[in-house]
Amino acid sequence: MDANCRDWMSALPEELWDIPLTHLAIPGSHDAMSYCLDINSPLVRAESDVFRLLDGVFSCFTRPAIFRWATTQVGTESTTKQLCCHYVGKGVRTTKKLVPWVLRQDGPKFKQDKTIEEQLSMGIRYFDLRVAHKPNDSSSDLYFTHVIYTHVTVLETLESVAAWLEAHPKEIVILACSHFEGMDDKCHESFIWSLKKLFGSKLCPQKESALTLRSLWASGYQVILSYECQLAVRHQELWPPIPYWWANQRRAHGVMTYLDWHKDLGRPEGFFVSGLNLTADRCYIAKNQKESLRTLTYSNWEYLRTWLEEQLPGSDARSLNIIAGDFVGSLPLCSAVIALNQKLCWKNSSQMKKHY
């Protein structure tokens, strides 16, 4: 873990303290909580009836596929045990053969585990958080989702974020809550109340006019909370949805072409996310049993990194802001994105020389 990224915002040159956060380069985590998916949980409601039927009958095939392609941050040793127990529960007896087979699905780096606190310490400051209430769950607990549900709840995770922020008072995070499957108005209001209670005075209100590091530090604001629901307009602490440029492409070339097309159209006025994440459709997944989202991402990373290093933050129409990716723990996304801010210093220096 790069110690220089742990408090990178407070370590930025003072000349960048008065630049709006919307003009800085900020590292983000796509599907940030997919490292702790519960392989035994039901599918999310949005999944098709056909896939639901297949999962019910052929879970020994669908669950490994879900694990390989829905995990966008890491695979964990605990998830391996979940998979094996899942198959045993389904009547699969060859557990000893199953364990190495499961381990092979993501290669030798399978046992990594980057929690949300570790992602924060690596420099991630934007989190893509997909929230839902489980079907047939009588409790008020909420979970994160990506095809299936996590085994940790939303509030216990955000409590960890709040604790981390206490120890790093000059770091600002952007939490983008979305999806909200299975949540009615009452559930939303209860969740929003819990968020206000948890983060309290750290929540930056929408009306804040100066979104610079210097002004946020002076006000004690550390959390920008985006909430993708119409109910958010009732609460000044909640920000509107943040646009996410998602290419829906399987190769780096497709992602870069899509992002360049968006850049040509001009950047949004506020926060926005450029997604460096790759996507494979189910036809490709079915035909490529030995591949995973991890292997796909790793094989395309050098092309994506080359493109990334050429980008510029700032206020220009073609500039970037938040840049999110997958497997942020094992790929040097954070350091590459943070380094882009140095270009703002060079730009300011060049403008000053022209002025004089």
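Sequence order as written defines residue numbering, which begins from 1 separately in each chain. Given that this is a predicted model, residues contribute local features only at a pLDDT of at least 70 and side-chain atom pairs are listed and counted only at 80 or more, while totals for whole chains, interfaces and linings are drawn from all residues. To get the side-chain values, take all heavy atoms of the structure and skip hydrogens and water.

1. With respect to the overall build of the chain
Of the regular secondary structure elements, the chain holds 14 helices and ten strands. In this analysis, two residues are considered to be in contact whenever any of their non-hydrogen atoms come within 4.5 Å of each other. For the chain, contacts bridging at least 24 residues in sequence account for 76% of all contacts bridging at least 6. In the structure as shown, the chain presents an accessible area of about 16500 Å², 54% of it carried by carbon and sulfur atoms. Each helix is a run of DSSP H or I of at least 4 residues and each strand a run of E of at least 2, with the numbering of both proceeding from the N terminus. Accessible surface is estimated by sampling points in the Shrake-Rupley manner with a 1.4 Å probe; for residues, cover comes only from the protein chains shown.

2. As for helix α10 (residues 252–265)
Residue count minus one, scaled by 1.5 Å, sets the expected span of a helix. Between the first and last C-alpha of α10 there are 20 Å, a value that for 14 residues agrees with the 20 Å anticipated at 1.5 Å per step. Restricting attention to buried positions, one finds in α10 the residues A252, G254, V255, M256, L259, H262 and K263. In the core, the buried residues of α10 are packed alongside β8 (244–245), β9 (273–275) and α12 (293–309). Downstream of α10 by a residue or two, G266 has a phi angle that is positive, lying close to 105 degrees. Buried, partly exposed and exposed residues are distinguished by accessible area as a fraction of the type maximum, computed with a 1.4 Å probe on protein chains only: under 20%, between the cut-offs, and over 50%, respectively.

3. Here we look at helix α7 (residues 154–167)
When the terminal C-alpha atoms of α7 are compared, their 21 Å separation across 14 residues agrees well with the 20 Å that a helix rising 1.5 Å per residue should span. For α7, the set of buried residues is V154, T157, L158, V161, A162, W164 and L165. Buried residues along α7 cover an arc of 160 degrees about the axis, so they all sit on one side. Turned more than 90 degrees away from the buried face of α7, the exposed residues are E166 and A167. An arc is given here, and it is the one of the directions from the helix axis to the C-beta atoms.

4. Notes on the packing of α7 against helix α8 (residues 185–199)
The interhelical angle for the contact between α7 and α8, taken along N-to-C directions, is 20 degrees, at an axis separation of 10 Å. Judged by the inter-axis angle, α7 sits roughly parallel to α8. Note on packing geometry: the crossing formed by α7 with α8 is right-handed. Contacts from V154, L155, L158, E159, V161, A162 and L165 of α7 reach α8 at F191, S194, L195, L198 and F199. Only Asp, Glu, Lys and Arg are considered charged in this grouping, and only Ala, Val, Leu, Ile, Met, Phe, Trp, Tyr, Cys and Pro are considered nonpolar; every other residue, Gly among them, is considered polar. Partitioned by chemical class, the residues of the contact of α7 with α8 number ten nonpolar, one polar and one charged. Fitted lines through C-alpha atoms serve as axes, helices being fitted only where they are in contact, and the angles separating the N-to-C directions of these axes extend from 0 to 180 degrees. Roughly parallel here means an angle under 35 degrees, roughly antiparallel means over 145, roughly perpendicular means 65 to 115, and every remaining angle is called oblique. By convention, the crossing between two helices is left-handed when the near helix turns anticlockwise from the far helix through less than a right angle, and right-handed when the turn is clockwise.

5. Focus on unusual backbone geometry
In the Ramachandran plot, N136 falls in the positive-phi region, its phi being about 60 degrees despite a non-glycine side chain. Within the secondary structure, N136 sits in the loop between β2 (126–132) and β3 (143–146).

6. A word on the packing of aromatic side chains
Here a Phe, Tyr or Trp ring, Trp counted by its six-membered ring, pairs with any other such ring whose centre lies within 6.5 Å, and the pair is stacked when the planes are under 30 degrees apart, edge-to-face when over 60, and tilted otherwise. According to the stated counting rule, one finds eight aromatic pairs in the structure shown. Each ring, one from Y258 and one from W261, has its centre 6.1 Å from the other, and the planes form 40 degrees; the classification is tilted. Of the two residues, Y258 and W261 are both situated in helix α10; the distance of three residues between them amounts to about one turn of the helix. A relative accessible area of 23% places Y258 in the partly exposed class. The exposure class assigned to W261 is partly exposed, which follows from its relative accessible area of 48%.

7. A short note on the pairing of strand β5 (residues 173–181)
Regular strands place side chains that alternate from one sheet face to the opposite one. Counting buried positions along β5 gives eight out of nine residues, so the element sits mostly inside the fold. Summarising the sheet, β2 and β5 pair through seven bridges and their orientation is parallel. Residue pairing across strands places L129 opposite C177, the latter belonging to β5. Relative to strand β6 (residues 223–227), β5 runs parallel, the two being bridged by five bridges. Its bridge partner being in β6, L175 is matched across the sheet by L225. Should DSSP find at least two bridges between two strands, the strands are regarded as paired.

8. Focus: a nonpolar patch on the surface
In this scheme, patches are assembled from residues that exceed 30% relative accessible area and form no salt bridge. Like charges are connected within 9 Å, while nonpolar side chains (Val, Leu, Ile, Met, Phe, Trp, Tyr) are connected within 5 Å. When a carboxyl oxygen of Asp or Glu is within 4 Å of a side-chain nitrogen of Lys or Arg, the pair counts as a salt bridge. Among the surface-exposed residues, V50, L53, L54, V57, F58 and F61 lie close enough to one another that they form a single nonpolar patch of about 630 Å² accessible area. Top contributing element to the nonpolar patch by residue count: helix α2 (residues 49–57), with four residues. Take V57: it is sitting in helix α2.

9. What to know about the pattern of salt bridges
Considering all chains together, one arrives at 13 salt bridges under this definition. Measuring nitrogen to oxygen at the nearest pair gives 2.5 Å for the salt bridge that ties E166 to K202. Taken together, the residues span a long stretch of sequence, with E166 in helix α7 and K202 in the loop between α8 and α9 (213–219) at a distance of 36 residues. Each member of the salt-bridge network shares a partner with another, and the members are E14, D18 and R214.

10. Remarks on the packing of α10 against α12
Relative orientation of the contacting elements α10 and α12 amounts to 25 degrees, with a least axis distance of 9 Å. With respect to α12, the element α10 is oriented roughly parallel. For α10 against α12, the interelement crossing comes out right-handed. Touching A252, V255, M256, L259, D260 and K263 of α10 are N300, Y303, L304 and W307, all from α12. Of the residues assigned to the contact of α10 with α12, the class counts are seven nonpolar, one polar and two charged.

11. A look at the environment of L16
With respect to the element layout, L16 can be found in the loop between α1 (3–6) and β1 (26–29). According to the relative accessible area criterion, L16 is buried, its value standing at 0%. Distance in space between the C-alpha atoms of L16 and N341 is 8.4 Å, their sequence separation being 325 residues.

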